[in-house]
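The chain contents come next:
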Amino acid sequence: RFLSDDDGPRFAVVESGGWDTHANQGAATGLLANRLAALDTGLAALHDGLGDHWSDTVVAVVTEFGRTVRVNGTRGTDHGTGTVALLTGGAVAGGRVAADWPGLARDALFEGRDLRPTTDLRALLKGVLHDHVGVARAALDTDVFPDSTSVPPARDLVRA
């Protein structure tokens, strides 16, 4: 509720653990499905709690690591390279997948085991911070993400 106050904070970070699904990951049911259901419930509560402020909101759901493509011997997946990031919120220019999909064929995998990364997560976050919040590109390149001038902000992620 404090985020919906007119004089409340403009930024919030929430951390959610339990995503390291090395064993018994499951598909439609199981550890991963349960974690995704909890994420869905949390995002719905945020949506409802923000009320009219949802229209000005961008939520980035990100992770620090990906998962391997193939299931391991304990019916889970191990740490991998490529991953996914999700943007939601009323200010997001959504309804699409913004990615270069490399595919899951063996010759398309990174090191023969991982989804090949195609987009630097800093580009996504730079795009949101620049276009939605107004953070200057110079500050993004040096202060927010030091030494990242070679990573341009992603464009067209938020509504103008």
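Conventions we followed
Residues numbered from 1 in each chain as written. Predicted model: local features only at pLDDT ≥ 70, side-chain atom pairs only at ≥ 80, totals over all residues. Heavy atoms only, no water. Salt bridge = Lys/Arg side-chain N within 4 Å of Asp/Glu carboxyl O. Buried < 20%, exposed > 50% of the residue type's maximum accessible area, 1.4 Å probe, protein only. Helix = DSSP H or I, 4+ residues; strand = E, 2+ residues; numbered from the N terminus. Axes fitted to C-alpha atoms, helices over the stretch in contact; angles between N-to-C directions. Parallel < 35°, antiparallel > 145°, perpendicular 65-115°, else oblique. Left-handed = near helix turned anticlockwise from the far one by under 90°. Contact = heavy atoms within 4.5 Å. Core = buried A, V, L, I, M, F, W, Y, C linked by side-chain atoms within 4.5 Å. Polar contact = N/O pair within 3.5 Å; in protein donor to acceptor, adjacent residues only side chain to side chain.

For the rest of this paragraph, the subject is the pattern of salt bridges. Across all of its chains, the model carries six salt bridges by this definition. The salt bridge partner of arginine 113 is aspartate 114, with a shortest N-O separation of 3.3 Å. Assessed through its relative accessible area of 1%, aspartate 114 is described here as buried. What you see here is one network of salt bridges that share partners, running through Lys126, Arg137 and Asp141.

Take unusual backbone geometry next. For residues that are not glycine, phi is negative in most cases, and the peptide bond is trans in most cases. Phi angles above zero are rare outside glycine, and arginine 75 is one such case at about 60°. At glutamate 111, a residue that is not glycine, the phi angle is positive and equals roughly 55°. By secondary structure assignment, the location of glutamate 111 is in the loop between strand S4 (86-88) and helix H2 (121-133).

This next bit is on the packing of H2 against helix H3 (residues 137-144). Remark: H2 packs on H3, axes separated minimally by 10 Å, with the N-to-C direction vectors making an angle of 135°. In terms of their interaxial angle, H2 and H3 are classed as oblique. Our pair here, H2 against H3, has a crossing hand that is right-handed. Residue-level inspection shows Lys126, Leu129 and His130 of H2 in contact with H3, the latter providing Arg137, Leu140, Asp141 and Val144.

Membership of the largest hydrophobic core is limited to seven residues, which are Val58, Ala91, Val92, Leu124, Val128, Leu157 and Val158. Sequence-distant contacts of valine 58, defined by excluding residues within four places in its chain, comprise Leu87, Thr88, Ala91, Val92, Val128, His132 and Val158.

Attention now moves to the side chain of lysine 126. Considering the arrangement of structural elements, one finds lysine 126 in helix H2. Here the side chain of lysine 126 touches valine 151 through a polar contact of 2.7 Å, landing on its backbone oxygen. Leaving out residues up to four positions away in the same chain, lysine 126 has contacts with Arg137, Leu140, Asp141, Phe145, Ser148, Thr149, Val151 and Pro153.

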